[in-house]
Amino acid sequence: MTTAIGYALLTTFTVLLSYTSLSHGLLQPRRISHGLSASGKYLTRDELWFNQTLDHFSPYDHRKFGQRYYEYLDHLRVSDGPIFLMICGEGPCNGIPNDYLSVLAKKFEAGVVSLEHRYYGKSSPFNSLATENLKSGKVDNPWFFFGASYSGALSAWFRLKFPHLTCGSLASSAVVRAVYEYFEYDQQIGESVGPECKPVLQEINKLVELGLKVNNKAMKALFNATELDVDADFLYLIADAQVVAVQYGNPDKLCVPLVEAKKNGSDLVEAYAKYVREYCVEVFGLSSKTYSRKHLLDTRITPESADRLWWFQTCTEVAYFQVAPANDSIRSHQINTEYHLDLCKSLFGKGVYPEVDATNLYYGGDKIAATKIVFTNGSQDPWRHASKQTSSPDLPSYIVNCHNCGHGSDLRGCPQSPMIIEGDSKNCSSPDAVNKVRQHIIEHIDLWLSECRGVLRSSM
């Protein structure tokens, strides 16, 4: 792996910890009262900054850049309370969300710190996202790391590489296994939607492909996606729109109207387009611009830069190419390996290739050789096959089983998006299943913090 993005963030955490204690540095008692943001969806949105080293691997490069972070200390027991570090992932970090982590912070009298991933959001070292710019102590309070999705993998990887700096990690829906051809993603969607909905989605995909041949412009206009000149990019949008409801805990939003339309003999493509417009776009915020190559080629720093940045990480480090399975696929077979490699070449030039084996060799993939990491996954989440699903005493793993348990359901509740305050589990089809896994999480945190405090006391 040659990029600075993934590697350097782990070193960033060590720098943050070395700067941070309650007697000086970032966590200052005078900031103890932030109060909830007006919407209640964030514990705080007050931006804080520190000077970050640009290149941790060069003894000659002393450049710095401003890295954004947030802290919420209302529940912190100042003398020896734990610090929960919530890692932000592949997008702007706009505050500390008021999800289930806030419940855990109250229980353990913990402070919460959230760090923005370098290059994303406002934490960009450069004024351009050109390809060449993308390559490149003692702690008194015990620290525990948290993350979901890609940041869940970062949480696990930090514990792997720097076990002396954290008491443990929660890796929620953590994609620790880099996957070159990730056909299991589409297969899980088919399994999650069930035998009645799956064939309807497959029929819709065939009708859309036919519509592109008959009247290309009209088909794309139906989905407000006329800016997508490449048909395969449009078909990727069509596939992702199916995923949105399942992955984030709203499968009935997708399947109920489509199955009903099929039974009534209604226009399936129109019914699907209505779902995309009214749910994916209006509620979830899906945009066809995300799939536009013109947009992805834009190297300027903008609020939407995360789209290009994440593609660079997938094209160089982790792939996760969501290809159509050879048989019984829901998505178009035009979404294949060649499509992804062509997109990578179009965006970043020749010679860019995902070093999946190197990534898994360095971090261990789903055979990660670490201790004191809790792995959790939702039963319906298509990303769970890139996570660690087998359990062991040092690396416990739990599946949250319910009809609408998707990505990060242990922290976010159901549905996972839009956000539910404090990750309330009452709207999960089986609240008991979610709460049971949460109780396991509490027990592991309690045990590992106790062991950590014992080590800290013995070293004094």
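Residues numbered from 1 in each chain as written. Predicted model: local features only at pLDDT ≥ 70, side-chain atom pairs only at ≥ 80, totals over all residues. Heavy atoms only, no water.

- If you look the protein chain up in an unreviewed UniProt entry, it shows as Serine carboxypeptidase S28 family protein from Brassica napus.

Considering the overall build of the protein chain
So, step 1. Secondary structure assignment for the protein chain yields 15 helices and 12 strands.
So, step 2. Taking all 460 residues of the protein chain together, 60% fall into the buried category.
So, step 3. Approximately 18,700 Å² of the protein chain is accessible, and the part contributed by carbon and sulfur atoms is 51%. (Helix = DSSP H or I, 4+ residues; strand = E, 2+ residues; numbered from the N terminus. Buried < 20%, exposed > 50% of the residue type's maximum accessible area, 1.4 Å probe, protein only. Areas by Shrake-Rupley, 256 points an atom, 1.4 Å probe, with all protein chains shown as cover.)

Focus on the nonpolar core
So, step 1. Counting residues in each nonpolar core, the largest one holds 93 residues, and the members touching the most others are Phe223, Phe234, Leu254, Tyr272, Tyr275, Ile368 and Phe375.
So, step 2. Tallying contributions element by element places helix H7 (residues 231-247) first for this core, with 11 residues.
So, step 3. Residues within four places of Phe375 in sequence aside, it is in contact with Ala156, Ala171, Ala174, Val176, Ile368, Ser387, Lys388, Leu395, Pro396, Ser397 and Tyr398. (Core = buried A, V, L, I, M, F, W, Y, C linked by side-chain atoms within 4.5 Å. Contact = heavy atoms within 4.5 Å.)

What about the pattern of salt bridges?
So, step 1. Applying the stated criterion across every chain, the model contains 20 salt bridges.
So, step 2. We note a salt bridge from Glu116 to Arg68, for which the minimum N-O separation is 2.6 Å. Of this pair, Glu116 sits in the loop between strand E6 (111-115) and helix H3 (131-134) while Arg68 sits in strand E3 (residues 64-72); the two residues are 48 residues apart in sequence, bridging distant segments of the chain. Comparing Glu116 with Arg68, the two get one shared label, buried.
So, step 3. A salt bridge links Glu184 to Arg177, with the nearest nitrogen and oxygen atoms 3.9 Å apart.
So, step 4. Taken together, the shared-partner salt bridges in this structure form one network comprising Arg177, Glu184, Asp366 and Lys367. (Salt bridge = Lys/Arg side-chain N within 4 Å of Asp/Glu carboxyl O.)

A word on the sheet that holds strand E11 (residues 373-378)
So, step 1. Spatially, E2-E3-E6-E4-E7-E8-E11-E12 is the arrangement adopted by the 8 strands of the open sheet, whose pairing is mixed. Strands at the two margins of the open sheet, each flanked by one partner only, are strand E2 (48-53) and strand E12 (397-400). Neighbour to neighbour, the strand axes of the sheet diverge by 25° on average, direction disregarded.
So, step 2. Taken together, the 4 bridges between strand E8 (residues 168-172) and E11 define a ladder with parallel strand orientation. Along E11, the bridge assignment pairs Ala171 with Phe375.
So, step 3. Running over the sheet, helix H4 (residues 150-161) touches strand E4 (83-87), strand E7 (143-148), E8 and E11 and is turned about 150° from E7. (Pairing = 2+ DSSP bridges. Axes fitted to C-alpha atoms, helices over the stretch in contact; angles between N-to-C directions.)

Quick look at the environment of Ile421
So, step 1. With respect to the helices and strands, the residue Ile421 is situated in the loop between helix H14 (409-412) and helix H15 (431-458).
So, step 2. Sequence-distant contacts of Ile421, defined by excluding residues within four places in its chain, comprise Gly40, Lys41 and Asn98.

Some details on the state of the cysteines
So, step 1. All told, the structure shown has 6 disulfides when counted by the stated rule.
So, step 2. Each sulfur in the disulfide pair Cys315 and Cys344 lies 2.0 Å from the other. In this structure the cystine formed by Cys315 and Cys344 twists about its S-S bond by roughly -85°; its chirality is therefore left-handed. Placement of the pair is Cys315 in helix H11 (residues 306-318) and Cys344 in helix H12 (residues 337-348), with a sequence separation of 29 residues.
So, step 3. Relative accessible area serves as the criterion here: at 0%, Cys315 is assigned to the buried category.
So, step 4. Here Cys344 falls in the buried class, since its relative accessible area comes to 1%.
So, step 5. Paired by a disulfide, Cys414 and Cys428 hold their sulfur atoms 2.1 Å apart. Its S-S torsion of about 95° marks the bond between Cys414 and Cys428 as right-handed, since a negative value means left-handed. One end of the pair, Cys414, is in the loop between H14 and H15; the other, Cys428, is in the loop between H14 and H15, with 14 residues separating them in the sequence.
So, step 6. Within the protein chain, bonded cysteines paired by disulfides and numbered along the sequence follow the pattern 1-2, 3-12, 4-5, 6-7, 8-9, 10-11. (Disulfide = S-S within 2.5 Å.)

A few points about the pairing of E8
So, step 1. Extensive coverage of E8 is indicated by the burial of 5 of its 5 residues.
So, step 2. Residues Gly168, Leu170 and Ser172 point to one face of E8 and Ser169 and Ala171 to the other, with burial holding for every one of them.
So, step 3. In this region the chain leaves E7, passes through H4 and returns to the parallel neighbour E8; the handedness of that crossover is right-handed. (Right-handed = clockwise from strand over helix to strand, strands pointing away.)

What to know about the packing of helix H5 (residues 184-214) against helix H8 (residues 251-264)
So, step 1. At a minimum axis separation of 9 Å, H5 and H8 run at an interaxial angle of 70°. One finds that H5 runs roughly perpendicular with respect to H8. Where H5 crosses over H8, the handedness of that crossing is left-handed. Across the interface between the two elements, Val193, Glu196, Cys197, Val200, Leu201, Glu203 and Ile204 from H5 touch Leu254, Cys255, Leu258, Val259, Lys262 and Lys263 from H8.
So, step 2. Taken together, the residues of the contact of H5 with H8 break down into 9 nonpolar, no polar and 4 charged. (Parallel < 35°, antiparallel > 145°, perpendicular 65-115°, else oblique. Left-handed = near helix turned anticlockwise from the far one by under 90°. Nonpolar A, V, L, I, M, F, W, Y, C, P; charged D, E, K, R; others polar.)

With respect to the pairing of E7
So, step 1. In terms of burial, E7 is largely enclosed, as 6 of its 6 residues are buried.
So, step 2. Of the two faces of E7, both are covered, the one formed by Trp143, Phe145 and Gly147 as well as the one formed by Phe144, Phe146 and Ala148.
So, step 3. Two strands pair when backbone bridges link them, and E7 and E8 are joined in this way by 5 bridges, in the parallel orientation. Bridge assignment links Phe144 to a residue of E8, and that residue is Gly168.

Topic: the confidence of the model for the protein chain
So, step 1. In this model, the protein chain carries an average pLDDT of 88, and 86% of its residues clear a pLDDT of 70 or more.
So, step 2. Long-range and interchain partners of residues 1-12, a stretch whose pLDDT sits below 50, account for 57 contacts in this model, where long-range means more than four residues apart.
So, step 3. For the stretch residues 14-38, pLDDT sits under 50, and the model shows 60 contacts to residues farther than four places along the chain or on other chains. (pLDDT = per-residue confidence, 0-100.)

A look at H5
So, step 1. An ideal rise of 1.5 Å per residue puts 45 Å on 31 residues; H5 reaches only 31 Å between its terminal C-alpha atoms.
So, step 2. The sharpest bend along H5 comes to roughly 125°, located at Gly194, with the proline Pro195 sitting one to four residues further on. (Expected span 1.5 Å × (residues − 1). Bend = angle between axes of the 7 residues up to and from the residue.)

Brief notes about the environment of Phe144
So, step 1. Relative to the helices and strands, Phe144 is located in strand E7.
So, step 2. Counting along the chain gives 26 residues from Phe144 to Leu170, while the straight-line C-alpha distance between them is 8.0 Å.

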